Amino acid sequence: MGDFETLGYEETDDGVAWVTLERPEVHNAFDDVMRHELSGLWRSLRTNDAVRAIVLTGSGQKAFCTGIDRAAVPEGEAEFDYDPFTYDDPGKDLGPKANELWKPVIAAVNGMACGGAFYLLGEVELIIAAEHATFFDPHVTYGMPAVFEPTLMAQRMPFGEIMRLSLLGNHERLSAQRAHQIGLVSEVVPGDELRAAAHWVAAAIASQPPRAVQATVRTIWATLEMGRRQALDLGNSMLQLAMNAEDLEAGQQVFASGERIEWRLR
């Protein structure tokens, strides 16, 4: 994996890759460089067999990501001189699913996550948050419709909650505890335990047969856009594609060995 200007990248021995947004001087806001680096990284991870699960986080303790870096927007665009016929959404290829990555991605949210951060959080499998993490969307406060980001997050949050977050702008922030109550966040931990908690989940997922994991990820995401009958038919196809004799034999050996995984209760 090559060097990055705006990202940190690390692979561990247990099949987990850590991707860190590294622009702490602007609260890990993304610019064109980060956007291109993330897009390229997601695509390269598709064929990296050594990586079976990914953790995405931000550098420092203040912010996961605060969206687009307005200071890095070209001058014409900064003045909102947009042509609606040629405008390209700056976050459209920021997330893993937009780049056809179907390996599980766990977000470890270590502070503020707002606005364009939802391009990323809307395309991960699950979110683990530090106790001090907050979530909000400032678009309407600054006179901009909140459109793409809440569309991605609407599948993760109850209707009233995504409406409240989108319409209150800078007037309210969603705490990690409230985000957990509504199902946006799957676990809340002290800040100094965030890395260990996220890595435990990623490593547990990575320890299992990757074809079965990826087929599960693809199928569940597809169900968000399908009716029940279509989703079940797709599930049957994915089942046939992903199952193979080698993985099934390995699973039977685990069962027959009598050894049991030391599970934990959440």
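Our structure's up above, just so we're on the same page.
Residue numbering note: each chain is counted from 1, following its sequence as written. Local features in a predicted model are, by the rule used here, given only for residues with pLDDT of at least 70; side-chain atom pairs are given and counted only at 80 or more, and totals for whole chains, interfaces and linings are based on all residues. Side-chain numbers come from the whole structure's heavy atoms, not from hydrogens or water.

**Section: the pairing of strand β2 (residues 16-21)**
Exposure is judged per residue with a 1.4 Å probe applied to protein chains only, and the accessible area is read against the type maximum: over 50% gives exposed, under 20% gives buried, and values in between give partly exposed. Numbered from the N terminus, helices here are DSSP runs of H or I no shorter than four residues, and strands are runs of E no shorter than two. Most of β2 sits out of view: 6 of its 6 residues are buried. Any two strands are treated as partners once DSSP identifies two or more bridges connecting them. Here strand β1 (residues 7-11) folds back onto β2, and the loop between the two strands holds 4 residues, one of which, G15, carries a positive phi near 85°. Bridge count for β2 against strand β3 (residues 53-58) is 6 bridges, and the pairing is parallel. Bridged to W18 within β3 is V55. Assessed by its sense of winding, the connection that carries the chain from β2 through helix α1 (residues 32-45) to β3 is right-handed. Here a crossover is taken to be right-handed if, once the strands point away from the viewer, the path from the first strand over the helix to the second is traced clockwise.

**Digging into the packing of aromatic side chains**
How two aromatic rings sit relative to each other is set out by the distance from centre to centre and by the angle between their planes. Geometry of aromatic contacts follows a simple scheme: Phe, Tyr and Trp rings, the Trp one being its six-membered ring, pair when their centres are within 6.5 Å, and the pair is stacked under 30 degrees between planes, edge-to-face over 60, tilted otherwise. Counted according to the given criterion, the structure contains 1 aromatic pair. An angle of 85° between the planes, with centres 6.5 Å apart, marks the rings of F30 and Y119 as edge-to-face. Taken together, the residues span a long stretch of sequence, with F30 in the loop between β2 and α1 and Y119 in helix α3 (residues 117-121) at a distance of 89 residues. By relative accessible area, F30 is classed as buried at 3%. The exposure class assigned to Y119 is buried, which follows from its relative accessible area of 6%. Sitting over a ring, as applied to charges here, requires NZ of Lys or CZ of Arg to be within 6 Å of the ring centre and within 35 degrees of the ring normal. One cation-aromatic arrangement involves R195 over W18; the distance from NZ or CZ to the ring centre is 3.9 Å. When the ring centre of W200 is taken as origin, the NZ or CZ atom of R264, which lies over that ring, is 3.9 Å away.

**So, the pairing of β3**
Of all 6 residues in β3, 6 are buried, a share of seventy percent or more. Burial of the side chains of β3 extends over both faces: A53, V55 and T57 are buried on one face and I54, L56 and G58 on the other. Relative to strand β5 (residues 105-109), β3 runs parallel, the two sharing 4 bridges. In the strand pairing of β5, V55 is matched with I106.

**Here's the deal with a nonpolar patch on the surface**
Like charges within 9 Å and nonpolar side chains (Val, Leu, Ile, Met, Phe, Trp, Tyr) within 5 Å are joined into patches, using only residues over 30% in relative accessible area that form no salt bridge. Residue-level accessible areas treat just the shown protein chains as cover; the underlying method is Shrake-Rupley with a 1.4 Å probe. Here, a salt bridge means any Lys or Arg side-chain nitrogen found within 4 Å of an Asp or Glu carboxyl oxygen. Among the surface-exposed residues, Y87, V147 and F148 lie close enough to one another that they form a single nonpolar patch of about 260 Å² accessible area. Topologically, V147 is positioned in the loop between β8 (134-136) and α4 (148-153).

**A word on the packing of helix α8 (residues 210-223) against helix α9 (residues 228-242)**
Axis definition: a line fitted to C-alpha atoms, over the contacting stretch in the case of helices. Angles run 0 to 180 degrees between N-to-C directions. For the pair α8 and α9, the least separation of the axes is 10 Å and the interaxial angle reads 165°. When the axis of α8 is compared with that of α9, the two are roughly antiparallel. The chirality of how α8 crosses α9 is right-handed. Mapping the contact onto sequence places R211, A215, R218, T219, A222 and T223 in α8 and A231, L234, G235, M238, L241 and A242 in α9. Here the angle decides the label: under 35 degrees means roughly parallel, over 145 means roughly antiparallel, 65 to 115 means roughly perpendicular, and every other value means oblique. Note on convention: the crossing is left-handed when the near helix lies turned anticlockwise from the far helix by less than a right angle, right-handed when the turn is clockwise. Contact criterion: two residues are considered in contact whenever any of their non-hydrogen atoms come within 4.5 Å of each other.

**Let's talk about the sheet that holds strand β9 (residues 174-175)**
In space, the 4 strands of this open sheet follow the order β4-β6-β8-β9, with mixed pairing throughout. Pairing within the sheet leaves two strands with one partner each, and these edge strands are β4 (63-65) and β9. In this structure, β8 lies alongside β9, joined through 2 bridges in antiparallel fashion. Pairing of F135 across the sheet is with L174, part of β9.

**Notes on helix α5 (residues 159-168)**
When we look at burial in α5, the residues that qualify are E161, I162, L165 and S166. The arc that holds the buried residues of α5, viewed along the axis, is 125°, so those residues lie on one side. Residues of α5 that are exposed and angled more than 90 degrees away from the buried face: F159 and L167. Buried residues belonging to α5 abut α3, β8, α4, β9 and α6 (176-181). Phi turns positive one or two residues past the end of α5, at G169, with a value near 55°. The arc in question is the one spanned by the directions pointing from the helix axis to the C-beta atoms.

**Focus on the pattern of salt bridges**
Enumeration over the complete set of coordinates arrives at 10 salt bridges. What you see here is one network of salt bridges that share partners, running through R23, D31 and D69.

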